[in-house]
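Analysis of the macromolecular model
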Protein chains: 2
Amino acid sequence: MKKIAIFDSTLRDGAQAESISFSVADKLKIVSTLDELGVGYIEAGNPGSNPKDLEFFTEVKKVTLKNAKLAAFGSTRRRNIKVEEDSNVQSLLVADTPVVVIFGKTWDFHVTDIIKTTLEENLCMIDETIRFLKAKGKEVIFDAEHFFDGYKNNQAYALKTLETAQKAGADCIVLCETNGGAFPDEVIEIMSDVKEKISCEIGIHTHNDTGMGVANSIMAVLAGATHVQGTFIGFGERCGNANLSTIIPNLQLKRGYQCIPEENMVKLTLAARRIAEIANISLGEHMPYVGKSAFTHKAGMHIDGVTKAPISFEHVVPDSVGNERRFLMSEVAGRSTILEKVQRIAPHITKDDAVTGQIIARIKELEHKGYQFEGADGTFELLVRKALGKYRPFFDLEEFKTIGEEPSHSKEISSSAIIKVRVDGKVEMTAAEGEGPVNALDKALRKALEVFYPELKTVHLTDYKVRVLDTKSATAAKVRVLIESTDGEDYWSTVGVSTDIIEASWIALVDSIEYKLIKDIEKRFKAYL
Amino acid sequence: MKKIAIFDSTLRDGAQAESISFSVADKLKIVSTLDELGVGYIEAGNPGSNPKDLEFFTEVKKVTLKNAKLAAFGSTRRRNIKVEEDSNVQSLLVADTPVVVIFGKTWDFHVTDIIKTTLEENLCMIDETIRFLKAKGKEVIFDAEHFFDGYKNNQAYALKTLETAQKAGADCIVLCETNGGAFPDEVIEIMSDVKEKISCEIGIHTHNDTGMGVANSIMAVLAGATHVQGTFIGFGERCGNANLSTIIPNLQLKRGYQCIPEENMVKLTLAARRIAEIANISLGEHMPYVGKSAFTHKAGMHIDGVTKAPISFEHVVPDSVGNERRFLMSEVAGRSTILEKVQRIAPHITKDDAVTGQIIARIKELEHKGYQFEGADGTFELLVRKALGKYRPFFDLEEFKTIGEEPSHSKEISSSAIIKVRVDGKVEMTAAEGEGPVNALDKALRKALEVFYPELKTVHLTDYKVRVLDTKSATAAKVRVLIESTDGEDYWSTVGVSTDIIEASWIALVDSIEYKLIKDIEKRFKAYL
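Residues numbered from 1 in each chain as written. Chains lettered and ligands numbered in written order. Predicted model: local features only at pLDDT ≥ 70, side-chain atom pairs only at ≥ 80, totals over all residues.

1. Concerning the overall build of chain A
Our working rule: Each helix is a run of DSSP H or I of at least 4 residues and each strand a run of E of at least 2, with the numbering of both proceeding from the N terminus. In this scheme every C-beta is placed from the backbone, and a residue whose C-beta has 20 or more other C-beta atoms within 10 Å is buried, one with 12 or fewer is exposed, and one in between is partly exposed. Each residue is represented by a C-beta atom placed from its backbone, and any two residues with such atoms within 7 Å are regarded as in contact.
Per the secondary structure count, chain A includes 17 helices and 16 strands. For chain A, the spread of C-alpha atoms along the principal axes amounts to about 80 × 60 × 50 Å. Looking at chain A residue by residue over its 529 residues, the buried ones come to 55%. A separation threshold of at least 6 residues defines the contact pool for chain A, and within that pool the share at least 24 residues apart is 67%.

See the structure below:
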């Protein structure tokens, strides 16, 4: 089994993405997640350009890593100074990581027009910086920036920079497709040529500006690269970096390379979701392997096929990466789809049981009212449980009231909500202000229920969508509210329909809370159920 | 220049994506957007499996298309019946499109184990269906479903299905990578083999389950395909279809193929954003070419490089696809884009007028707050008018209050609103009940204003969309409300942003009413203006 070194740059190149900003605590959590998954290298920051990163490198020393080596990122020394006097290079030593990555220019145009030095001096910068760091005992990775554009523009010079890095002792030379504009056929051709001329380990670092970041990395590996750089869920400057959560299973499950320990592949989806959570972004639903929809089927014919044989419409088994298959409840879904979902909750139910008919009738009735269950697994499960008698309410609503005023004492619209709930005979009444009536009601409800169910503190909503069903009736139309919630581990979606947006939101909120509470009971008391 | 037929399936395969559901009006808008861009084929529905699609095919006949041919999608006849007795095939004729697409099985395993017939009967199904449709005068595209998996499993049989389709008269045979599991090297190899054996036009249809949908399509074209199927912004079942908004510029700007008329390439970004808006989804910020961040630079060194020479960190010029460069630290204006819009309202304004700078500053300020003017022509026009001094308010709000109660005297949630407005010194105070606070407020506002402006009686809202901007803040997040209004003659859209859904709706409602009143003044007094 050919081994591929996986090099994650979520904390360095990923941090260059718009709206991404990590605290030291965030970075430590991401390091643990990646290390547990079994990634080989974690590039954790740029100590020379970012003082926050230096603080992190001090903190991370307290963590014992099982699989990964930490790397600090910097550049070759600046032009016309001694390497030991370059503060950037010095801070790489202060970071005190076993591995250092330095990037250097390989595109002649960048040397002369952007950093404005001579081609010869650039070679000295590469040579001296690598020698200096090797002498300090570091494993040195040389990031050959813009290598593909450099090769296309001045092949001889671009190759010369690699030869210089190799002679200076670089442990690995990474061909960087910095601008993300290359095509797979070009990557194959150029990588193959480099493999003939350079004998040390060769890596690949691609970006996604042509939507081919993953393909370019894969083609580079097929052409001989043994080290792959990317960010774990693909974010990075502009269109992002090559997505490692796609590359790893592509290579390991489909081409027989070893990227992470085999037994860890089932943790892939959870790792991706955790990193999205820490980065405070939504993981793309359609992301290969790890997205919520990656193994979701909607067309009746596909559902029929997958039911007969998963291979008919799935290229890998969802379990292999810790994800799951979902069948959407759409107008086209038939009895067998619904049954499959029912059986996940109550495996003994058959197609001909009376309760199956009742569930189907209830679904049809709700769909007629405007409900849609394809994006609302949480509400669907509650509906099935109610039909099976495996449900009792967690609280009773006594009353709520929402109030919006403009102008208010604070000079802009103010919204507030009052709520009274009853749990096991105990009444809790509270109030909250919020950004709009739904938010005020959401806050008031949680505030009241957390008194009885402290586990609700981990829950928050990650998405809130409103769809007007009968657009002709405009603001009086029925609306469907779809909310997605998470407790940091799982995601679930619930739905509510009403002509009143507050009521529709309320229905979805209540389902979200009840789903969470049932899920926790199931987890805690699995052995007894 | 080699011509590539671009075949968009947003309305058919795209509609199989989770949470995508198009109304007939949505579909008509998408057809116009794609046709204006210059796409060659629009696959607009599956009339046999979905009665809603048949209604659409009747409506779409009223639209004159400039560039695109419409296609209806279905399958080969079912096993063991006569093609003319197959209701699915019949409904393809009812759809009455110049082009029909039929998919057929090419993977022997699917023939025997999924649709459960013989290999021979499957060939008859392909042959007879194509001959039948050709005899009816249709341009017939044969979608060779699962072709790559079929070829890997039973090469001779897979090729036999293509030969059958060719002999029966198919105008184009499309190799479908249905399960999305193939790699670019496999696509090159298999496409090259097919090109040697089949002489009619060959197309490619890929999915994104390995994150390589775009690359697989591109490699197929390099190996001889002349027809590319995908969805415009990539959504589709599971991980989505090949993204045409990436493939088109990849092929046309970087490899010299012609996919759409050259002068339309600058409309690419707007088309992608419009389709996302109609589909009620967020366009991925990092989407190649058309995403908001596609040409956004954050790292200091990148900004420095791009300032010296765009090519240093951009693989194409953002203007070439109608997108714009953004520097996250120091924003530089997309002045010409905005000017183009301003001149539509005030043709005499030039780039260097002070007012242009003011408008740009205001737009940037509002965009920063979450406004988006692409789907809100009404609000944009009001903004320009305000800057030009061609505006005065039609009323002043004194106060409003909304109240929601559950349970109420009527046993379900009741919403009401009280409002006080002032027009030319006269005060009108009124109240209304409604379906939710926004509807109550909408009704109360109209009721109050109709006293002064009876022409508002013809106005009603036709669409009301809510988008959560910062999904992590859930119900406390900023929301963007987009409403579309009509007076039976024209349609216009307005937008409001706030953390409070009532306030965001209020802003959009006020703009809608003011836009209508201005529009009427313009019409009535055109001769005097």
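Having seen the structure, we can now continue with the description.
2. Some points on the pairing of strand S11 (residues 396-406) of chain B
Quick reminder of the rule: Any two strands with at least two DSSP-identified bridges between them are counted as paired.
When strand S11 (residues 396-406) of chain A meets S11(B), the two strands line up antiparallel, connected through seven bridges. Bridge pairing in S11(B) places A:Ile403 opposite B:Ile403. Of the strand pairs in this sheet, S11(B) and strand S12 (residues 414-423) of chain B are connected by nine bridges, and their pairing is antiparallel. Residue B:Ile403 lies in a different strand from S12(B), and its bridge partner there is B:Ser416.

3. Let's talk about the interface of chain A and chain B
A common way to report how large an interface is uses the accessible area buried once the components associate. Across the contact, 94 residues belong to chain A and 91 residues belong to chain B. Considering every element that reaches the side of chain A that touches chain B, the biggest residue donor is strand S14 (residues 460-468) of chain A, with nine residues.

4. Quick look at the nonpolar core
Across soluble globular proteins, you tend to see nonpolar side chains buried next to one another. To keep it simple, the criterion reads: For our purposes the nonpolar core covers buried Ala, Val, Leu, Ile, Met, Phe, Trp, Tyr and Cys residues that link as a set through C-beta atoms within 7 Å.
Ranked by internal contacts, the top residues of the largest apolar core, which has 198 residues, are A:Ala71 and B:Ala71. Ranked by the residues each element gives to this core, the list is headed by helix H11 (residues 268-279) of chain B, at seven residues. The residues contacting B:Ala71, other than those within four sequence positions of it, are B:Tyr41, B:Ile42, B:Glu43, B:Ala44, B:Thr97, B:Val99, B:Val100, B:Val101 and B:Ile141. The next biggest cluster of nonpolar side chains, apart from the first, holds 94 residues, and it includes A:Ile413, B:Val421, B:Leu445 and B:Ala477.

5. Details of helix H12 (residues 300-308) of chain A
The periodicity of an α-helix, 3.6 residues per turn, causes residues three or four places apart in sequence to face the same way. Going by this rule: The arc in question is the one traced by the directions running from the helix axis out to the C-beta atoms.
Listed as buried for H12(A) are A:His302, A:Ile303, A:Gly305 and A:Val306. End-on view of H12(A): buried residues confined to an arc of 165 degrees, all on one side of the axis.

6. Digging into the sheet that holds strand S13 (residues 426-434) of chain B
Applied cut-off: To define axes, lines are fitted to C-alpha atoms, for helices over the stretch in contact only, and angles between the resulting N-to-C directions are given on a 0 to 180 degree scale.
On the basis of which strands lie adjacent, the open sheet formed by six strands has the order S13(A)-S12(A)-S11(A)-S11(B)-S12(B)-S13(B) and antiparallel pairing. The strands lining the two open edges of the sheet, one partner per strand, are strand S13 (426-434) of chain A together with S13 of chain B. Along the sheet, successive strands turn relative to each other by an average axial angle of 10 degrees, direction set aside. Against the sheet, helix H16 (residues 437-450) of chain A engages S11, strand S12 (414-423) and S13 of chain A together with S11 of chain B, with an angle of about 145 degrees to S13(A).

7. Focus on H11(B)
Residues and elements named next belong to chain B. Put simply, the test is: In a helix, the anticipated span is given by 1.5 Å times the number of residues less one.
The terminal C-alpha atoms of H11, which comprises twelve residues, lie 17 Å apart, in line with the 16 Å expected from a rise of 1.5 Å per residue. In terms of residue burial, H11 counts as a mostly covered element, since eleven of its twelve residues are buried. Within the span of H11, buried status applies to Leu 268, Thr 269, Ala 271, Ala 272, Arg 273, Arg 274, Ile 275, Ala 276, Glu 277, Ile 278 and Ala 279. Buried residues along H11 sit in contact with helix H1 (24-37) and helix H10 (244-254). With its phi angle positive at about 60 degrees, Asn 280 sits one or two positions after the end of H11.

8. Digging into the pairing of strand S5 (residues 139-145) of chain A
Within a regular beta strand, the side chains point alternately toward one face of the sheet and then the other, so they alternate between its two faces. Residues and elements named next belong to chain A. Judged by how many residues are buried, S5 sits mostly within the fold: six of seven residues are covered. With seven bridges joining them, strand S4 (residues 99-105) and S5 adopt parallel strand pairing. Bridging across to S5, Ile 102 finds its partner in Phe 142. Here four bridges tie S5 to strand S6 (residues 172-177), and the two strands are oriented parallel to one another. Its bridge partner being in S6, Phe 142 is matched across the sheet by Ile 173.

9. Points about the packing of helix H14 (residues 354-369) of chain A against helix H15 (residues 377-388) of chain A
Residue and element names in this part refer to chain A. What counts here: Working definition: roughly parallel below 35 degrees, roughly antiparallel above 145 degrees, roughly perpendicular at 65 to 115 degrees, and oblique for all remaining angles. Should the near helix be turned counterclockwise from the far one by less than a right angle, the crossing is left-handed, whereas a clockwise turn marks it as right-handed. Any residue that is not Ala, Val, Leu, Ile, Met, Phe, Trp, Tyr, Cys, Pro, Asp, Glu, Lys or Arg is counted as polar, Gly included; the first ten are nonpolar and the last four charged.
Running from N to C, H14 and H15 point in directions that differ by 135 degrees, and their axes come no closer than 10 Å. By the angle between their axes, H14 is oblique relative to H15. Crossing handedness for the pair H14 and H15: right-handed. Between H14, through Val 355, Gln 358, Ile 359 and Arg 362, and H15, the contact on the second element is made entirely by Leu 383, Val 384, Ala 387 and Leu 388. Tallied by class, the residues present in the contact of H14 with H15 amount to six nonpolar, one polar and one charged.

10. A look at the confidence of the model for chain A
Just so we agree on the cut-off: pLDDT is a per-residue confidence score from the predictor, ranging from 0 to 100.
Mean pLDDT over chain A: 90, with 95% of residues reaching 70 or higher. Among the prediction metrics, the complex's ipTM stands at 0.76, with pTM recorded as 0.76.

11. Here we look at the sheet that holds strand S7 (residues 201-206) of chain B
By definition, the strands of a sheet pair up through backbone hydrogen bonds, in either a parallel or an antiparallel sense. All names here are of chain B. The eight strands are arranged S1-S2-S3-S4-S5-S6-S7-S8 in a closed barrel whose pairing can be described as parallel. Each neighbouring strand pair of the sheet contributes to a mean axis angle of 25 degrees, computed without reference to strand direction. Bridging between strand S1 (residues 5-8) and strand S2 (residues 41-43) involves two bridges; their strand directions are parallel. Its bridge partner lying in S2, Phe 7 is registered against Tyr 41.

12. Focus: the environment of B:Ile413
Examined against the element boundaries, B:Ile413 turns out to sit in the loop between S11 and S12. It is 8.3 Å that separates the C-alpha atoms of B:Ile413 and B:Gly436, two residues lying 23 residues apart in sequence.

13. Things to note about the environment of B:Thr206
Residue and element names in this part refer to chain B. In this structure, Thr 206 sits in strand S7. Residue Thr 206 is classed as buried on the basis of its C-beta count, with 31 C-beta atoms lying within 10 Å. Sequence spacing of Thr 206 and Gly 240 is 34 residues, and the spatial spacing of their C-alpha atoms is 9.1 Å. Ignoring anything within four residues of it in the chain, the contact list for Thr 206 reads Glu 177, Gly 180, Gly 213, Asn 216, Ser 217 and Ala 242.

14. Observations concerning unusual backbone geometry
Positive phi, close to 55 degrees, is recorded for A:His146, a residue that is not glycine. Along the polypeptide, A:His146 turns up in the loop between S5 and helix H6 (147-153). A positive phi angle, near 60 degrees, is found at B:Asp96, a position not held by glycine. Among the residues examined, B:Asp96 registers 13 C-beta atoms within 10 Å and is labelled partly exposed.

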